[in-house]
Amino acid sequence: MMPEIEIIHCDALPPEQELSSILTQYYDLIVQRMGAMGLSIDPAAPQSALAEFWANAGDYLPPNGCLLLARDENGQIVGCGMLKRLDRETGELKRVFVTEAARGTGTGRRLIETREEAARAMGLKRLVADTLTPNVEMRSLYPKLGFTEVQTPLKTTSYLDQPMLRPHMHFFVKNIG
């Protein structure tokens, strides 16, 4: 039996410890995958990424962003997804993550679809996303949800902030308006 998972829109930041817990799992997975690609990663990278998130957390709240949490029937966070406005018409999907326990439940799909609805409500016309080569889950899911992979690099947040990742990045676009 599939667990019941609720997607919650955050109008304010959730408690720091609670959100940091799911983001730490996300960053740990990204660092693990980067290491598997042969990249040399600073052991402090997950903590640095978390600090960078908190320094810019307001970017993911209304009116120019959207922060979603997925909670199981016990109220535990089992996933997250964020959206931020890049310009008047473009939003960027960020930090979609689903815990191992919630994978296969459709939670990742719902996190993307719910952010797409939020983007339309914000008046955005286009969504962009990037992911790394070993993130086969997202590279498979985005096209199923109508995103097109593009070969030309997009100036996403990760593209601008993490130049060493550029050779390993895949970019996706979806027109929504």
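One can find the structure itself at the top, above this paragraph.
In this report, we go over the structure that sits alongside the text. (Residues numbered from 1 in each chain as written. Predicted model: local features only at pLDDT ≥ 70, side-chain atom pairs only at ≥ 80, totals over all residues. Heavy atoms only, no water.)

Describing the overall build of the protein
To keep it simple, the criterion reads: The helix count covers DSSP runs of H or I at least four residues long, the strand count covers runs of E at least two residues long, and both are numbered beginning at the N terminus. Think of it in three bands: with a 1.4 Å probe and only protein chains considered, a residue is buried below 20% of the maximum accessible area for its type, exposed above 50%, and partly exposed in between.
Helix and strand counts for the protein stand at five helices and seven strands. Ordering the α and β elements of the protein from the N terminus gives β-α-α-β-β-β-α-β-α-β-α-β. Taken over the C-alpha atoms alone, the protein extends approximately 40 × 40 × 35 Å along its principal axes. Counting all 177 residues of the protein, 47% fall into the buried class.

Some words on the pattern of salt bridges
One side chain can pair with another of opposite charge once the charged atoms of both are near each other. Under the convention used in this document: Put simply, a salt bridge is a Lys or Arg side-chain nitrogen that is within 4 Å of an Asp or Glu carboxyl oxygen.
Counted by the stated rule, this structure contains eight salt bridges. Note that Glu52 and Arg95 form a salt bridge whose closest N and O atoms lie 3.4 Å from each other. Taken together, the residues Glu52 in helix α2 (residues 45-55) and Arg95 in strand β4 (residues 90-98) connect sequence positions 43 residues apart. In this structure Glu52 comes out as partly exposed when scored by relative accessible area, which is 32%. Within the structure, one salt-bridge network assembled from shared partners comprises Glu116, Arg120 and Lys174.

Remarks on the packing of helix α3 (residues 107-121) against helix α4 (residues 136-144)
Selection rule: Only the stretch in contact is used when fitting a helix axis, every axis being a line fitted to C-alpha atoms; angles between N-to-C directions are given from 0 to 180 degrees. Geometric relationships in this document are graded by angle, where less than 35 degrees denotes roughly parallel, more than 145 denotes roughly antiparallel, 65 to 115 denotes roughly perpendicular, and other angles denote oblique. Each crossing is labelled by how the near helix is turned from the far one, with a counterclockwise turn of less than a right angle marking it left-handed and a clockwise turn marking it right-handed. By definition, residues are in contact when any of their heavy atoms lie within 4.5 Å.
Running from amino to carboxyl end, α3 crosses α4 at an angle of 55 degrees, the nearest separation of the two axes being 11 Å. Comparing the axis directions of α3 and α4 gives the class oblique. α4 is crossed by α3, and the crossing has right-handed handedness. Across the interface between the two elements, Gly108, Arg109 and Ile112 from α3 touch Met138, Leu141, Tyr142 and Lys144 from α4.

Points about the sheet that holds strand β1 (residues 6-10)
Put simply, the test is: The pairing criterion is simple: DSSP has to find at least two bridges between the two strands.
The strand order across the open sheet formed by seven strands is β1-β2-β3-β4-β5-β7-β6, and the pairing between neighbours is mixed. Two strands lie at the open edges of the sheet, namely β1 and β6 (148-150), each paired on one side alone. Sheet twist, expressed as the mean angle between neighbouring strand axes with direction ignored, is 25 degrees. Where strand β5 (residues 126-132) lies against strand β7 (residues 169-175), seven bridges are found, and the strand directions are antiparallel. In the sheet register, Leu127 faces β7, and the bridge partner there is Lys174.

Comments concerning the side chain of Asn135
Let me state the cut-off plainly: Each polar contact in these results corresponds to two N or O atoms within 3.5 Å; when the atoms are within protein, one needs to be able to donate a hydrogen and the other to accept it, and residues that are neighboring in sequence are counted only if both atoms are side-chain atoms.
Tracing the backbone shows Asn135 in the loop between β5 and α4. A residue is classified by how much of its surface remains accessible, and Asn135, at 13% relative accessible area, is buried. Reaching out from Asn135, the side chain makes a polar contact with the side chain of Thr131 at a distance of 3.0 Å.

Brief notes about unusual backbone geometry
Of the consecutive residues Pro62 and Pro63, the connecting peptide bond is found in the cis state with omega at 10 degrees. Mapped onto the elements of the fold, Pro63 is located in the loop between α2 and β2 (65-71).

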